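# Reading the structure
Letter by letter, the chains look like this.
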Amino acid sequence: MIVRHSRALRRLLALSALTGILASAEPRAWSKPPTPPKARAPKALGYAEAQRFVLGLVNRDRKAAGLAPVVLDEAASKAGLRHARDMAANGFTGHVGSDGSVPEQRYTESGGSDFVQENAACLFDLAVRKLEPKPSFDAAKLAALHEMFMAEKPPNDGHRRNVLNPQHNRVGIGVAQPLGVPQPCLAQEFVDDYGEYEELRPSASGKLRVAGTVSPSLGFGGVGIGRMPARGAPPRARLNGKVYKIPAPDTLYFPAGFKTPKPVTLDGPRFSIELDLGKKSEPGNYAITIWAKKPGAQKLFMISLRTLTVR
């Protein structure tokens, strides 16, 4: 899946930033985009207040589109804060962090186990800055960032589709304030929480157990694994990323009865499989995915994307 940043948004926020999203797994088409009411914002907010304010904007627009609200997610918020602070300190907007991290990696390292998709907005000048030690956030500027997400027009409306993805049920919000620049930086980490999963713990022999329970509202689909080369810090000039791909599995494993390299064991609502990373597993990041399907449907979609680093 490839996502390209909006040139129109770059023009609208030439001195700040408004790019970066992972597009919806199942994009929703809108023949006539809903027009949400303008936000009324107090002037300055503390960190927790800023989170609640942005959450309110998100849920206002989801309600206007006839969608259920999302709730604040602690692990995703931790990942969002990490990325917002990184962008603010290094003057960029993108999904690949200055340390080479990507959204699903930051989310996994923050304790998340579901599927995350990111909106990001910050600066473009690549200037190194310190962060405000005790930040307060201009609510009007936060609202302006979110309103720019929502002002996108199809088909170049990836940020907007992420906010209005009906599959999302949680969101992480991270905000940061660069020192001496009156422009907040924002990361929205939308989460699809539809299961409970065991922690990923590879054994010394290279075995990896993947197991858990999918939400009763969905049916289990499969387990995927894909290997990505170890990612180092990108060149500074390329921090303002334009394209990002959600990792795709190299191999998918299905339950017995389907064509599969190895069947996934089902025991009532629980699933489990032991994967072989090999005795000499190549260094790099492994993407472990869990797939589900809606009742009566055949199409699979991702509900969990975790990273596992092998050194």
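For the structure, check the block above.
Residues numbered from 1 in each chain as written. Predicted model: local features only at pLDDT ≥ 70, side-chain atom pairs only at ≥ 80, totals over all residues. Heavy atoms only, no water.

### Observations concerning unusual backbone geometry
Cis peptide bonds are those with omega within 30 degrees of zero, and the linkage from P154 to P155 qualifies with 5°. In this fold, P155 is placed in the loop between α5 (139–150) and α6 (158–163). The phi dihedral of L126 falls on the positive side, at around 60°, and the residue is not glycine. Its location among the elements puts L126 in the loop between β4 (115–121) and β5 (137–138). (Helix = DSSP H or I, 4+ residues; strand = E, 2+ residues; numbered from the N terminus.)

### What to know about the pairing of strand β10 (residues 219–228)
Across the 10 residues of β10, 8 count as buried, placing the element largely inside the fold. In the sheet, β10 pairs with strand β15 (residues 284–293) via 9 bridges, with the strands oriented antiparallel. Paired with G222 across the two strands is W291, which belongs to β15. Across 3 bridges, β10 lies against strand β12 (residues 251–253) in antiparallel orientation. The residue bridging I225 from the neighbouring strand is T251, located in β12. (Buried < 20%, exposed > 50% of the residue type's maximum accessible area, 1.4 Å probe, protein only. Pairing = 2+ DSSP bridges.)

### Re the state of the cysteines
For the coordinates displayed, the defined rule picks out 1 disulfide. The disulfide that involves C122 links it to C185, with 2.0 Å between the sulfurs. Between C122 and C185, the disulfide has an S-S torsion of 50° and is therefore right-handed. Residue C122 is located in the loop between β4 and β5, and its partner C185 is located in strand β7 (residues 185–192); the two are separated by 63 residues in the primary sequence. (Disulfide = S-S within 2.5 Å.)

### Describing the packing of aromatic side chains
Summed over the entire model, instances satisfying the criterion amount to 4 aromatic pairs. When the centroid spacing of 6.1 Å and the interplanar angle of 65° are considered together, the rings of Y47 and F137 count as edge-to-face. With Y47 in helix α2 (residues 47–64) and F137 in strand β5, this residue pair connects regions lying 90 residues apart in the sequence. Residue class for Y47 comes out partly exposed when judged on its relative accessible area of 26%. We classify F137 as buried; its relative accessible area is 1%. Site record: aromatic cluster; members linked through ring pairs are Y197, F220 and F271. (Phe/Tyr/Trp six-rings, centres within 6.5 Å; stacked < 30°, edge-to-face > 60°.)

### Digging into the packing of α2 against α5
Between α2 and α5, the least distance of the axes is 10 Å, while the angle of their chain directions is 30°. Considered as vectors, α2 and α5 are oriented roughly parallel to each other. For the pair α2 and α5, the sense of crossing is right-handed. Only A139, L142, A143, H146, E147 and M150 of α5 make contact with α2, whose side of the interface consists of A50, F53, V54, L57, V58, R60 and D61. Here the contact of α2 with α5 is composed, by residue class, of 9 nonpolar, 1 polar and 3 charged. (Axes fitted to C-alpha atoms, helices over the stretch in contact; angles between N-to-C directions. Parallel < 35°, antiparallel > 145°, perpendicular 65-115°, else oblique. Left-handed = near helix turned anticlockwise from the far one by under 90°. Contact = heavy atoms within 4.5 Å. Nonpolar A, V, L, I, M, F, W, Y, C, P; charged D, E, K, R; others polar.)

### Some thoughts on the environment of G222
For G222, the position within the fold is in strand β10. Through-space distance from the C-alpha of G222 to that of L252 is 6.6 Å; in sequence the pair is 30 residues apart.

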